[in-house]
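Overview (structure and organization)
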Amino acid sequence: MELSEILDLRPEPAAGLLLALTRRCPLACAHCSTDSSMDSPDHPDRPRRSQLLRFVRSFTPKQRPDVVLLTGGEPLLLPDLAHALTRAAQGAGSQVALLSGLFFARDGGRIPPPILRTITALDHFSASLDAPHEREVPRAAVFRVLARVLDAGVPVSLHLTGTGPDDPYLADATAAVLHEFGERVPMLVNEVRAVGRSTTGRTATGPGGPCAMAAWPTVAPDGTVLACCSQRTVDRRPVPPHLRLGHIAEDDWPTVRRRTLDSPRLRLIRVLGPDHLRARTGGGPAEGGYCAGCRALPAQPGPDDDAAAGAAGRLLDQLSAARLRAQGPIALLRRHGCAPYAHLAQPGAPA
Ligand code: SF4
């Protein structure tokens, strides 16, 4: 599965699932969006691991996400759990991708056998690359890992983060990747921003219109299931009621999927966006921006929710996703990533 295929599915409600296995990470990258460290208590104990497996085993061939993205923290701190979840999801027909910071490659790019076993079971493998990260894991080691994974036949991508379109780091790093790998390593380039995670899971937020990030449920490291992957939302407790989809201790995938598809408020966020909803309820722009405005939406359902609850609301939701998908992954990244680099996610496609 290529990066562009994952991105193509991103606007489709419940077509994907983000599973944050842990908040722990051995790296100490200065900009880390998930505030990860090895001290974090958000690391799955035995009961939580069982819950994760039970949740993924509730997928069926007719009711399963098309793609599962394993994230963290660092998901490869748990290679056996990641492997078991991968095989369970694939058994129902899902494809599985994993995003890693490559902590294990710091000393020369070697991949320990348990981690290689997990990576080679995946349908897609993504690695992070940015300036603070390179101080922890040298670029040469990252390239060595990617070459090894490509040799094993697993499609790969890089998730690069910079300060903006003019960041010289991004120009240098993307040129180096193209020089080393040509078009074999697609790149998803994001900007460090105050809020949000990316189109597949890391950084970035919507620009003010409809929010495609409300399409895929996210399982937080504590097992809470949220309607979006914005890091500030994932970290917030209690979760705003309209963005909470359940908990893996109590809910299975068909339940989470149904709530994702049927929630009138989530349909409205996906079709109109939170700014529009706030304006219709008499609220102005929220202090703190787009996602802050979404989190502050009134819990009480209003007339718009009533209108979005029926068959017309479902149809509008489907049409909105179809329209976004028709625009393609590059258009999605122009809105949600670092626009001048959006084309690198789908090498060979018309820019
Ligand atoms: S908080 Fe709301 S607007 Fe922000 S990414 Fe999540 S669903 Fe979208």
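Residues numbered from 1 in each chain as written. Predicted model: local features only at pLDDT ≥ 70, side-chain atom pairs only at ≥ 80, totals over all residues. Heavy atoms only, no water.

**Quick word on helix H2 (residues 46-57)**
Selection rule: Counting from the N terminus, the helices are the DSSP runs of H or I reaching at least four residues and the strands are the DSSP runs of E reaching at least two. For a helix, the expected span equals 1.5 Å multiplied by the residue count minus one. Throughout, exposure labels follow a simple rule: accessible area from a 1.4 Å probe, protein chains only, divided by the maximum for the residue type, with under 20% read as buried, over 50% as exposed, and the rest as partly exposed. Note on contacts: a residue pair is in contact if any heavy atoms of the two residues lie within 4.5 Å. We call two N or O atoms a polar contact when they sit within 3.5 Å, provided that within protein one can donate a hydrogen and the other can accept it, with sequence-adjacent residues counted only if both atoms are side-chain atoms.
Taking 1.5 Å per residue as the helical rise, H2 with its 12 residues ought to reach 16 Å, and the 16 Å between its terminal C-alpha atoms agrees with that figure. Among the residues making up H2, those that are buried are Gln51, Leu52, Leu53, Phe55 and Val56. Where H2 is buried, its residues meet strand E1 (16-20), helix H3 (79-91), strand E7 (218-219), strand E9 (244-247) and helix H9 (253-262). Between the side-chain oxygen at the start of H2 and the backbone nitrogen of Arg48 there is a gap of 2.9 Å, and the oxygen is on Asp45.

**What about the packing of helix H6 (residues 139-151) against helix H7 (residues 168-181)?**
Using the following cut-off: Lines fitted to the C-alpha atoms define the axes, with helices restricted to the stretch that makes contact. Angles between their N-to-C directions range from 0 to 180 degrees. With respect to orientation, any angle under 35 degrees is reported as roughly parallel, any angle over 145 as roughly antiparallel, any angle of 65 to 115 as roughly perpendicular, and every other angle as oblique. For any helix crossing, the convention is left-handed if the near helix is rotated counterclockwise from the far helix by under a right angle, and right-handed if that rotation is clockwise.
The N-to-C vectors of H6 and H7 enclose an angle of 40°; their axes lie 12 Å apart at closest approach. The angle between H6 and H7 places the two elements in the oblique class. When you trace H6 past H7, the crossing you get is right-handed. Between H6 and H7, the residues in contact are Arg139, Phe143, Leu146, Ala147 and Leu150 and Tyr169, Asp172, Ala173, Ala176, Val177, Glu180 and Phe181, respectively.

**Let's talk about the nonpolar core**
Definition in use: Buried residues of nine kinds, namely Ala, Val, Leu, Ile, Met, Phe, Trp, Tyr and Cys, make up a nonpolar core once their side-chain atoms join them within 4.5 Å. Source of the domain bounds: an automatic or database domain assignment.
Grouped together as the largest cluster of nonpolar side chains are 98 residues, with contacts concentrated most on Leu19, Leu21, Phe104, Phe125, Leu158 and Ile269. By residue number, the principal contributor to this core is H6, which donates seven residues. Viewed by domain, this core spans two of them, domain 1 (3-256 + 327-345) and domain 2 (264-322), each represented by three or more residues. The contacts of Phe104, once residues within four sequence positions are left out, are Leu76, Arg110, Ile111, Pro112, Ile115, Ile119 and Val145. Residues Leu7, Leu188, Ile330 and Ala345 belong to the second largest nonpolar core, which totals seven residues.

**A word on the site of the ligand**
Selection criterion: Whether a residue is near a molecule or strand is decided by its heavy atoms; if any one of them lies within 4 Å of it, the residue is near.
The immediate surroundings of the ligand are formed by Cys211, Met213, Ala214, Cys228, Ser230, Thr233, Pro274, Tyr290, Cys291 and Cys294. Sorting elements by how many residues they give to the shell around the ligand places helix H12 (residues 290-295) first, with three residues. Counting contributing residues, the shell around the ligand receives three or more from each of domain 1 (3-256 + 327-345) and domain 2 (264-322).

**A word on the packing of aromatic side chains**
Under the convention used in this document: Stacked, edge-to-face and tilted labels apply to pairs of Phe, Tyr and Trp rings (six-membered ring for Trp) whose centres lie within 6.5 Å, assigned for plane angles under 30 degrees, over 60, and everything in between, in that order.
Going through the model one piece at a time under the given rule, you end up with four aromatic pairs. Measuring from ring centre to ring centre gives 5.7 Å for Phe59 and Trp253, while their planes differ by 65°; the resulting arrangement is edge-to-face. Within this pair, whereas Phe59 is found in the loop between H2 and strand E2 (67-71), its partner Trp253 is found in helix H9, the two being separated by 194 residues in sequence. On the basis of relative accessible area, Trp253 is assigned to the buried category, the value being 0%. Centre to centre, the rings of Phe143 and Phe181 are 5.4 Å apart; their planes meet at 80°, and the pair counts as edge-to-face. Linking Phe143 in helix H6 with Phe181 in helix H7, this pair joins segments that are 38 residues apart in sequence.

**Comments concerning the layout of surface pockets**
To keep it simple, the criterion reads: The way it works is a 1 Å grid over only the protein atoms, where trapped points that fit a 1.4 Å probe form a cavity and open points with protein on both sides within 12 Å along at least five of seven lines form a pocket, and then any residue with an atom within 4 Å of a point lines it. Grid points are joined across faces, edges and corners, and a volume is the space filled by probe spheres set on the points.
The computed volume of the largest pocket comes to approximately 200 Å³. Looking at the largest pocket, it is lined by 14 residues, and the ones nearest its centre are Glu12, Pro13, Ala14, Arg257 and Leu261. Of all the elements in the fold, those that place two or more residues in the lining of the largest pocket are H9 and helix H14 (311-336). If you tally residues by element for the lining of the largest pocket, the top one is H14, at three residues. Built from parts of two domains, the lining of the largest pocket gets at least three residues from each of domain 1 (3-256 + 327-345) and domain 2 (264-322).

**Details of the domain arrangement of the chain**
Which entries qualify depends on this criterion: Throughout, the accessible surface (probe 1.4 Å) given up by two parts as they are put together, summed over both, is called the buried area. Three categories are distinguished: nonpolar for Ala, Val, Leu, Ile, Met, Phe, Trp, Tyr, Cys and Pro, charged for Asp, Glu, Lys and Arg, and polar for the others, with Gly belonging to the last.
Domain assignment breaks the chain into domain 1 (3-256 + 327-345) and domain 2 (264-322). Taking only C-alpha atoms into account, the centre of domain 1 sits 26 Å from that of domain 2. On the side of domain 2, 17 residues touch domain 1, which itself brings 21 residues to the contact. Carbon and sulfur atoms make up 63% of the area that domain 1 and domain 2 hide from each other, which totals about 1,600 Å². Viewed at the interface, domain 2 and domain 1 are joined by seven residue pairs in polar contact (both at pLDDT 80 or more). Here the side of domain 1 that touches domain 2 is built from residues that sort into 11 nonpolar, seven polar and three charged.

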